[in-house]
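Descriptive analysis of the structure
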Amino acid sequence: MAAYVANLKTLGALFALLSVLLLFCDCHDQFDHDVFNPPGKQKVSFGAAKPNRYLLYDVNIGEGFNLRRDVHMRLANLAKSLNKVEPWILVLPPWSYLYHWQTEDLENEQFRIPWSLFFDVPSLSKHVPVMEFVDFLAATGSKNVIEQIYYLQHYKEGWEDGRFEEKIDARECIERQRYEADEEGKWRGWFFGYHEDVYALRFECLSVQGHARIMEPILLRNTTASSVLIARAENLLHDIYGERDYWEARRSMVFSKNLRDIGDKFRAEFLNSTDDIDGTHFEDDWTKMVRKDRSAVGGPYIGVHLRRKDYLRAHKEHVPTLKHAAKQIKQLLKKYKLEKVFVASDDVAGVDKLRTKFLKNYQVYNFVPSKEVLNKYMDGGVAIVDQWICAHARYFIGTHLSTFSFRIQEEREILGFPTKTTFNRLCKEEEGKDCERPSKWTIVY
Ligand SMILES: Nc1nc2c(ncn2[C@@H]2O[C@H](COP(=O)(O)OP(=O)(O)OP(=O)(O)O)[C@@H](O)[C@H]2O)c(=O)[nH]1
Ligand SMILES: [Mg+2]
């Protein structure tokens, strides 16, 4: 491993250089093969009958739903890249005990939730082969074994000279990890809520600074394990943020039909919003959905994402009071000659206050799930319905730095809205003229 890692340092530097080159030239095709495996060599190494390998990943326990969605994209593009060399299936980590999902008294606990509840898995597979975790367990027999865990961590010494250098090294584990070897040498720990049944054969910590593809040589050459779990995968960066691969991964993350239907029903029933009139028709096959003309009009309502709860503390310099948020919403309602506002929020009491106090001359809506819907789709499903409805509004305004808002902006890019109706955020009164607009991460096909 040590010698191999030394090599990686050189490879890492090469990678950083290549990333920069890719940013500045239109040369995707030139690099469309694995740069460490010239095509000729690949043909010798891997025959056609190479068995599937499985790439699993997990994210730091405290991270929320929408950052996790972002990490999926990074790993999906890593898996896509690996698939140019040999068959890899990306295993979708079940959703278990997310910090924000705190609704109690549901029929089921919010754990071991498969991706199919929230996303259309066949759509995900159009980007890269994917599989639910339970199907992975079934596919690998009754053994419930993951062969290798790589636990990603930072470098103990931090960035040398404050310079970002791409590198990866096998290192002693720094923090207490979530896995420990039992007396039989089986690695036990957190496996998405399946910890009683599942264990790993090998475990290593890797210090890493780099893009997701820095894992590629390790997965292809350093280990022959048929299943590899990358733990703390959020430490890997997007290979190239905001470019075509990014957007293909993002477009493949289609919400499940049932949740889209619930959102559409709400739009039709309360917001006079239907795809035909709003120009937001959604294709069954996302690969055919190309909306370069940005002709989406959206329903006759302002969509607001009002992130409060922990943001009132964590981002207190950017989160407005309800009163000041209402003032901004009112200006938009007047400007766009609208009467209705849909508010998605983690603070239901706050929305009620907008309705009964600060915006009482307007129609304020929020999505309140039926007991049946809440039991079936839980907090994650409700959040998706909220995002879907905001994504279809004539004009959207979100909360500064919230990944929940970012995902709505992306959804609107997919639907083909003009950018000025999408990249907006609520300002805190004190920010005044310093309240800068969110970056415009526009779609690339
Ligand atoms: N239903 C609903 N839930 C929300 C809303 N805003 C936040 N939440 C909940 O709170 C969570 C927010 O966490 P993240 O998904 O990590 O997004 P974020 O905290 O805004 O962004 P980061 O600071 O980057 O983590 C969501 O996943 C939801 O569970 C909302 O408007 N509606
Ligand atoms: Mg969060």
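Below or above, wherever it landed, is the structure these notes cover. What you see is a predicted model, and the numbers here were worked out from it, not measured in a lab.

Before going further, it helps to examine the overall build of the protein chain. When you go through the protein chain residue by residue, the secondary structure sums to 14 helices and 14 strands. Evaluated residue by residue, the protein chain yields a buried proportion of 56% over its 445 residues. For the protein chain, restricting intrachain contacts to residue pairs at least 6 apart in sequence, the fraction spanning at least 24 positions comes to 74%.

Before going further, it helps to examine the pairing of strand 11 (residues 299–306). With 7 of its 8 residues buried, strand 11 lies for the most part within the structure. Where strand 11 and strand 14 (residues 393–397) come together, 4 bridges link them in parallel fashion. Counterpart to G303 in the pairing with strand 14 is F396.

For the rest of this paragraph, the subject is the packing of helix 3 (residues 65–82) against helix 7 (residues 244–252). Packing of helix 3 against helix 7 leaves a shortest axis separation of 9 Å and a crossing angle of 115°. In terms of crossing hand, the pair formed by helix 3 and helix 7 is right-handed. Across the interface between the two elements, R69, D70, M73, N77 and K80 of helix 3 pack against D245, Y246, E248, A249 and R250 of helix 7. Residue classes in the contact of helix 3 with helix 7 are distributed as 3 nonpolar, 1 polar and 6 charged.

Inspection of every chain in the model, using the stated rule, returns 2 disulfides. C173 shares a disulfide with C205; S-S distance 2.1 Å. The sign of the 100° torsion about the S-S bond sets the C173-C205 disulfide as right-handed. Of this pair, C173 sits in the loop between strand 5 (167–170) and strand 6 (179–181) while C205 sits in strand 8 (residues 199–211), and the two are 32 residues apart along the sequence. One disulfide bridge connects C427 with C435, the sulfur atoms lying 1.8 Å from each other. Where C427 bonds to C435 through sulfur, the torsion about that S-S bond is close to -70°, and the disulfide is left-handed. On the accessibility criterion, C435 (15% relative accessible area) is buried.

Applying the stated criterion across every chain, the model contains 31 aromatic pairs. For the ring pair Y241 and Y246, a centre distance of 4.7 Å and an interplane angle of 55° mean the geometry is tilted. Assessed through its relative accessible area of 32%, Y241 is described here as partly exposed. Linked through ring pairs, F65, W95, W101, W115, F118, F119, F255, F282 and W388 together constitute an aromatic cluster. For the cation-ring pair, K186 lies above Y199, with the distance from its terminal atom to the ring centre recorded as 4.6 Å. A cation sits over an aromatic face here: R412 above F417, 3.9 Å from the ring centre.

Calculation criteria
Residues numbered from 1 in each chain as written. Chains lettered and ligands numbered in written order. Predicted model: local features only at pLDDT ≥ 70, side-chain atom pairs only at ≥ 80, totals over all residues. Heavy atoms only, no water. Helix = DSSP H or I, 4+ residues; strand = E, 2+ residues; numbered from the N terminus. Buried < 20%, exposed > 50% of the residue type's maximum accessible area, 1.4 Å probe, protein only. Contact = heavy atoms within 4.5 Å. Pairing = 2+ DSSP bridges. Axes fitted to C-alpha atoms, helices over the stretch in contact; angles between N-to-C directions. Left-handed = near helix turned anticlockwise from the far one by under 90°. Nonpolar A, V, L, I, M, F, W, Y, C, P; charged D, E, K, R; others polar. Disulfide = S-S within 2.5 Å. Phe/Tyr/Trp six-rings, centres within 6.5 Å; stacked < 30°, edge-to-face > 60°. Lys NZ or Arg CZ within 6 Å of the ring centre and 35° of its normal.

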